[in-house]
Amino acid sequence: MHVLAAICVRRPVFATVLILVLVVFGVIGYLTLGLDRFPKIEFPMVTVMTVLPGAAPEEIETEVTDKIEAAVNTIAGIDELRSVSAEGISLVYITFVLEKDPDVAAQEVRDKVNRILPDLPKDIDQPVVEKFETDAIPVLGIAVSAPPPTTVREITEYCDKVLRRQLERISGVGQVSIIGGQKRQINVYLNPELLRSYRLTVTDVARALAAQNLQIPGGSMKRGQEEYTVRTLGRAQSVEEIRWIAVANRDGRTITVGDLGEVEDSSEEATSVALYNDSPCVLLNVRKQSGTNTVEVVRAVKARLAALDELARQKNYKIEIVRDQSIFIEASVHNVQEHLLVGALLAAVVVVFFLANVRATIIAALAIPTSIISTFAIIKYMGFTLNSVTLLALTLSVGIVIDDAIVVMENIFRYIEEKRMRPFDAAIAATKEIGLAVLAITLSLVAVFLPIAFMGGIVGRFLESFGITMSATVLVSMLVSFTLTPMLAARWFRAHLAGESGNGASEGGAGRAENTEVAAHTAAIGLDSGTIQ
């Protein structure tokens, strides 16, 4: 490393450009870093959800859950397999060992489930296979309300057809779910006595509605050089048309749905309720895409809501943000950033207190911002985000990154003061002498922090970014101490005056020596005087 230091002392432009390159890359990395509360951690856990409407828990367990468990149990790397069988739904949770790639695990589970689809009941919905994502939680909650006589159904239609579609177009938004809404639903209330009199069942009515209320392709029709697509439009367009759907023929008379009961244009049964200030509302939960910046996504959503709020008020709808994860994240991150700046300032104050030299303090203190800013580029390269763990590592490293610069600078100063060397020569000789010791100090710190990044288990996943960030910061600080520090010391320190005592007064608070030419001239006069005596 002393060779690099000698080159930087002789070539100050090279040293400056080298550090500036690291700083520029660090600034670019900082501007593009994601901002989250915790590190992004992927747990290899996959969930299989299967819905069988109307089935009892016992039937769900024997017909669905057991078959899915038997199929996925052959996958390698399973750590835990458990399931929940409830009325109408089956949930199978597969937890893999931490070394398993979550994407590979989800694909293997999906393949196994697809192979047993013919063995499952035909009435089931398509099984949903999802991997567990820690950062898929809602980042923003939006309450939409309206005064009477506006109903929850009308608010739901506005949220579903306007707000949800507008928000899902924003870059970084993964999903917008609706809670507390009630969609439009056509309810058919059948009279049991009428069904019995016409010798019909509920299944007959359901079959008639399914067969006569649909749109199916009708093929194609050619006319000369033109070809037309034909569709059979059989879907009912109103409640009255549903009433006239034929169910059966009895004694030469067509029995319709209206003959068997009432048809009502209503809302679906409420399965969730949302209240805002004790008033019914509809809640929109905004989920971000995996790996995106939470704060940036929330800002983009708020900007879009500001544009939609004026149009919503014209239709008497009120949009309020009731939950915002970015507020807590920004407060936590800004708190750690404040501690980072205060720590850097206090470190510089301690240095100037003990060294009593402003120039030496500036040279040593420059290692703090250059090392930390350059580390942002490594954080970005490793795919980490700016979160509580990485910021904690940067905060703890403030007092460490300045150590190498102080050791190198103090040895240079000792060469100038004790050995009467010029700052230029002292920077080269002192760095060569202390280079191995500084390297040993740095590597010992790396040997302490880097193994943290390779810890196993869930704790190791959380602390991986901490170990790498600390090690990267310490290595960058060593590079700064062998490049920027000796280069600045060779040009900012002043040569020692031969007539001054070892701890003479500083000139203008900037040092305890004069420039090189004055020092050499004074030394020559001192030698001549000694010869005459």
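Going by the structure above, here's the rest.
Keep in mind the model is a prediction, meaning the values are calculated, not measured.

Reading the values: rules and limits
Residues numbered from 1 in each chain as written. Predicted model: local features only at pLDDT ≥ 70, side-chain atom pairs only at ≥ 80, totals over all residues. Heavy atoms only, no water. Helix = DSSP H or I, 4+ residues; strand = E, 2+ residues; numbered from the N terminus. Rg over C-alpha atoms; globule rule 2.2 N^0.38 Å. Buried < 20%, exposed > 50% of the residue type's maximum accessible area, 1.4 Å probe, protein only. Contact = heavy atoms within 4.5 Å. Phe/Tyr/Trp six-rings, centres within 6.5 Å; stacked < 30°, edge-to-face > 60°. Lys NZ or Arg CZ within 6 Å of the ring centre and 35° of its normal. Polar contact = N/O pair within 3.5 Å; in protein donor to acceptor, adjacent residues only side chain to side chain. Pairing = 2+ DSSP bridges. Axes fitted to C-alpha atoms, helices over the stretch in contact; angles between N-to-C directions. Core = buried A, V, L, I, M, F, W, Y, C linked by side-chain atoms within 4.5 Å.

1. Topic: the overall build of the protein chain
Okay, step 1: Looking only at helices and strands, one finds 18 helices and 15 strands in the protein chain.
Okay, step 2: Whereas a compact globule of 533 residues would reach a radius of gyration of roughly 24 Å, the protein chain reaches 37 Å, over 25% beyond that.
Okay, step 3: In terms of overall dimensions, the protein chain has C-alpha extents of about 145 × 60 × 60 Å along its principal axes.
Okay, step 4: Burial analysis of the protein chain (533 residues in total) assigns 40% to the buried set.
Okay, step 5: Here the analysis covers contacts within the protein chain between residues at least 6 apart in sequence; of these, 73% occur between residues at least 24 apart.

2. Notes on the packing of aromatic side chains
For any pair of aromatic rings, the description rests on two quantities: the centre-to-centre distance and the angle between the ring planes.
Okay, step 1: By the definition in use, this model includes 5 aromatic pairs.
Okay, step 2: On the basis of an interplanar angle of 40° and a centroid distance of 6.3 Å, the ring pair of Phe 43 and Phe 132 is categorised as tilted. Of the two residues, Phe 43 is situated in the loop between α2 (12-32) and β1 (45-51) and Phe 132 in the loop between β4 (128-131) and β5 (138-145); the sequence distance between them amounts to 89 residues.
Okay, step 3: Of the residues examined, Phe 43 reaches a relative accessible area of 18% and is grouped as buried.
Okay, step 4: Ring centres 6.5 Å apart and planes at 70° place the aromatic pair Phe 449 and Phe 466 in the edge-to-face group. Linking Phe 449 in helix α16 (residues 423-449) with Phe 466 in helix α17 (residues 457-492), this pair joins segments that are 17 residues apart in sequence.
Okay, step 5: Just above the ring of Tyr 93 sits the side chain of Arg 82; from NZ or CZ to the centre is 4.6 Å.

3. A few points about the side chain of Ser 374
Okay, step 1: Along the polypeptide, Ser 374 turns up in helix α13 (residues 367-381).
Okay, step 2: Taking the relative accessible area as the measure of exposure, Ser 374 reaches 5% and is therefore buried.
Okay, step 3: Within the structure, Ser 374 has its side chain in polar contact with the backbone oxygen of Thr 370 (distance 2.6 Å).
Okay, step 4: When sequence neighbours within four positions are dropped, the list of residues in contact with Ser 374 reads Leu 22, Val 23, Gly 26 and Val 476.

4. Concerning the sheet that holds β1
Okay, step 1: If you walk across this open sheet you meet the 4 strands as β2-β3-β1-β4, and the pairing is antiparallel. Here the strands that pair on one side only, and so sit at the sheet edges, are β2 (78-86) and β4. Taken pair by pair, the neighbouring strands of this sheet meet at an average axis angle of 15°, ignoring direction.
Okay, step 2: Pairing of β2 with strand β3 (residues 89-96), which is carried by 8 bridges, proceeds in the antiparallel orientation. Looking across to β3, one finds that Glu 80 is bridged to Thr 95.
Okay, step 3: Its contacts with the sheet put helix α3 (residues 57-72) on β1, β2 and β3, and the angle it makes with β2 is roughly 160°.
Okay, step 4: Contacting β1, β3 and β4, helix α4 (residues 102-115) runs over the sheet at an angle of about 165° to β4.

5. As for the environment of Leu 91
Okay, step 1: Among the secondary structure elements, Leu 91 is positioned in strand β3.
Okay, step 2: Contacts of Leu 91, omitting those with residues within four sequence positions, involve Val 48, Met 49, Arg 82, Ser 83 and Val 84.

6. Quick notes on the nonpolar core
Okay, step 1: Ranked by size, the top nonpolar core spans 57 residues in total, and within it Ile 368, Ile 372, Phe 376, Leu 394, Val 398, Ile 412 and Phe 493 carry the most contacts.
Okay, step 2: When neighbours within four sequence positions are excluded, Ile 412 is seen to be in contact with Ala 426, Ala 427, Ala 430, Thr 431, Pro 486, Ala 489 and Phe 493.

7. Considerations on the environment of Leu 386
Okay, step 1: On the secondary structure map, Leu 386 appears in the loop between α13 and α14 (388-396).
Okay, step 2: Residue classification places Leu 386 among the buried residues on the basis of a relative accessible area of 4%.
Okay, step 3: On a C-alpha basis, the gap between Leu 386 and Ile 327 in space is 15 Å, while along the polypeptide they are 59 residues apart.
Okay, step 4: For Leu 386, the residues in contact, after removing those within four places along its chain, are Tyr 30, Leu 33, Gly 34, Leu 35, Asp 36, Val 333, Gln 337, Phe 376 and Leu 391.

8. Topic: unusual backbone geometry
Okay, step 1: Geometrically, the link from Pro 148 to Pro 149 is a cis peptide bond, its omega value of 10° lying close to zero.
Okay, step 2: Tracing the backbone shows Pro 149 in the loop between β5 and α5 (152-168).
Okay, step 3: Despite not being glycine, Arg 420 shows a phi value in the positive range, around 55°.
Okay, step 4: Mapped onto the elements of the fold, Arg 420 is located in the loop between α15 (398-418) and α16.

9. A few points about the pairing of strand β10 (residues 246-250)
Okay, step 1: Across 4 bridges, the pairing between β10 and strand β11 (residues 253-256) is antiparallel. Pairing of Ala 248 across the sheet is with Ile 255, part of β11.
Okay, step 2: Connecting β10 to the next strand, β11, in antiparallel fashion are 2 residues, including Asp 251 with a positive phi near 55°.

Read these as geometric descriptors, not functional statements.
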